[in-house]
Amino acid sequence: MAEIEAQYGRVLLAAGAEQRWRSIRWLVHHRDCQSVPAEIEVVDGLVGQPASLDDLTAYQQQVLRVRVAHLLETETGFRGGDPLHPDPGEPRPAYDPQGTTLGQRRRSKVAELRGLGVEEAALLGLGRVSERTLKRMAAAWAAPAAA
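Presented here is an overview of the structure given in this document. (Residues numbered from 1 in each chain as written. Predicted model: local features only at pLDDT ≥ 70, side-chain atom pairs only at ≥ 80, totals over all residues. Heavy atoms only, no water.)

### Some words on the overall build of the protein chain
Thinking step 1. The number of helices and strands found in the protein chain is five helices and five strands.
Thinking step 2. The order of α-helices and β-strands along the protein chain, N terminus first, is β-β-β-α-β-β-α-α-α-α.
Thinking step 3. Looking at the 147 residues of the protein chain, the share that counts as buried comes to 20%.
Thinking step 4. Sequence-distant contacts in the protein chain: of pairs separated by 6 or more residues, those separated by 24 or more amount to 32%.
Thinking step 5. Summed over all atoms, the accessible surface of the protein chain reaches about 10800 Å², with 55% contributed by carbon and sulfur. (Helix = DSSP H or I, 4+ residues; strand = E, 2+ residues; numbered from the N terminus. Buried < 20%, exposed > 50% of the residue type's maximum accessible area, 1.4 Å probe, protein only. Contact = heavy atoms within 4.5 Å. Areas by Shrake-Rupley, 256 points an atom, 1.4 Å probe, with all protein chains shown as cover.)

### Observations regarding the sheet that holds strand β1 (residues 3-5)
Thinking step 1. Spatial strand order, β1-β2-β3: three strands in an open sheet with antiparallel pairing. Two strands close off the open sheet at either side, each with one partner strand: β1 and β3 (18-23). Going across the sheet, the axis of each strand differs from the next one's by a mean of 20 degrees, ignoring polarity.
Thinking step 2. Where β1 lies against strand β2 (residues 10-15), three bridges are found, and the strand directions are antiparallel. In the sheet register, Glu-5 faces β2, and the bridge partner there is Arg-10. (Pairing = 2+ DSSP bridges. Axes fitted to C-alpha atoms, helices over the stretch in contact; angles between N-to-C directions.)

### Considering the packing of aromatic side chains
Thinking step 1. Throughout the structure, instances matching the rule amount to zero aromatic pairs.
Thinking step 2. Its guanidinium or amino end placed over the ring of Trp-21, Arg-10 lies 4.2 Å from that ring's centre, counting from NZ or CZ.
Thinking step 3. Lying over the aromatic face of Trp-26, Arg-22 brings its terminal NZ or CZ to 4.9 Å of the ring centre. (Phe/Tyr/Trp six-rings, centres within 6.5 Å; stacked < 30°, edge-to-face > 60°. Lys NZ or Arg CZ within 6 Å of the ring centre and 35° of its normal.)

### Side note on the side chain of Glu-5
Thinking step 1. With respect to the element layout, Glu-5 can be found in strand β1.
Thinking step 2. When neighbours within four sequence positions are excluded, Glu-5 is seen to be in contact with Arg-10 and Trp-21.

### Notes on the packing of helix α2 (residues 58-76) against helix α3 (residues 102-114)
Thinking step 1. The interhelical angle for the contact between α2 and α3, taken along N-to-C directions, is 150 degrees, at an axis separation of 8 Å. Along the contact surface, α2 presents His-70, Glu-73, Thr-74 and Glu-75, while α3 presents Leu-102, Arg-105, Arg-106, Lys-109, Glu-112 and Leu-113.
Thinking step 2. Here the residues of the contact of α2 with α3 are counted per class, giving two nonpolar, two polar and six charged. (Nonpolar A, V, L, I, M, F, W, Y, C, P; charged D, E, K, R; others polar.)

### Observations regarding the nonpolar core
Thinking step 1. Counting ten residues, the largest nonpolar core consists of Val-63, Leu-71, Val-110, Leu-113, Leu-124, Leu-126, Val-129, Leu-134, Met-137 and Ala-138.
Thinking step 2. Secondary structure elements with two or more residues in this core: α2, α3 and α5 (131-146).
Thinking step 3. The biggest single contributor to this core is α5, with three residues.
Thinking step 4. When neighbours within four sequence positions are excluded, Val-129 is seen to be in contact with Val-110, Leu-113, Arg-114 and Leu-134. (Core = buried A, V, L, I, M, F, W, Y, C linked by side-chain atoms within 4.5 Å.)

### As for a nonpolar patch on the surface
Thinking step 1. A cluster of nonpolar side chains, Leu-53, Leu-56 and Leu-64, forms an exposed patch at the surface whose accessible area comes to about 210 Å².
Thinking step 2. Looking at where Leu-56 falls in the secondary structure, it is placed in the loop between β5 (46-48) and α2. (Patch = residues over 30% accessible without salt bridge, like charges linked within 9 Å, V, L, I, M, F, W, Y side chains within 5 Å. Salt bridge = Lys/Arg side-chain N within 4 Å of Asp/Glu carboxyl O.)

### Describing the pairing of β2
Thinking step 1. Where β1 hands over to β2, the hairpin turn is made up of four residues, of which Gly-9 adopts a positive phi near 70 degrees.
Thinking step 2. In this structure, β2 lies alongside β3, joined through six bridges in antiparallel fashion. Bridged to Leu-13 within β3 is Arg-20.
Thinking step 3. The loop that links β2 with its antiparallel partner β3 comprises two residues; one of these, Gly-16, has a positive phi angle of about 65 degrees.

Structure, rendered in structure tokens:
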């Protein structure tokens, strides 16, 4: 498969230099169509493949990395989340875990994100971040590890 346009219900199939658009219905009903492998994920009664980073576009992956870096800096004091491997200049004073509490770091991050330009914050999906939002993000980040 060379391309998928799920919103239009079609796929671009490629065999060598030849390419053809086909409907997803055509593909599903094709005699060579294989059944779904055993490692499927069921979420709210829906069946699908497990989500992965590869499901995102390059831009979406970049946005995700920036958002995670902000979250990890808030939670740990380090954008990479690892105090044993800090980036140059880390931890910044407002996020130093030796001199700040988690609540103080969250308040600092809210202030920092409010200082971003409106467009920049909106592009990152961080335009309306509060301490409560940061708590929810941290809980969601930790949830897969607990499962």
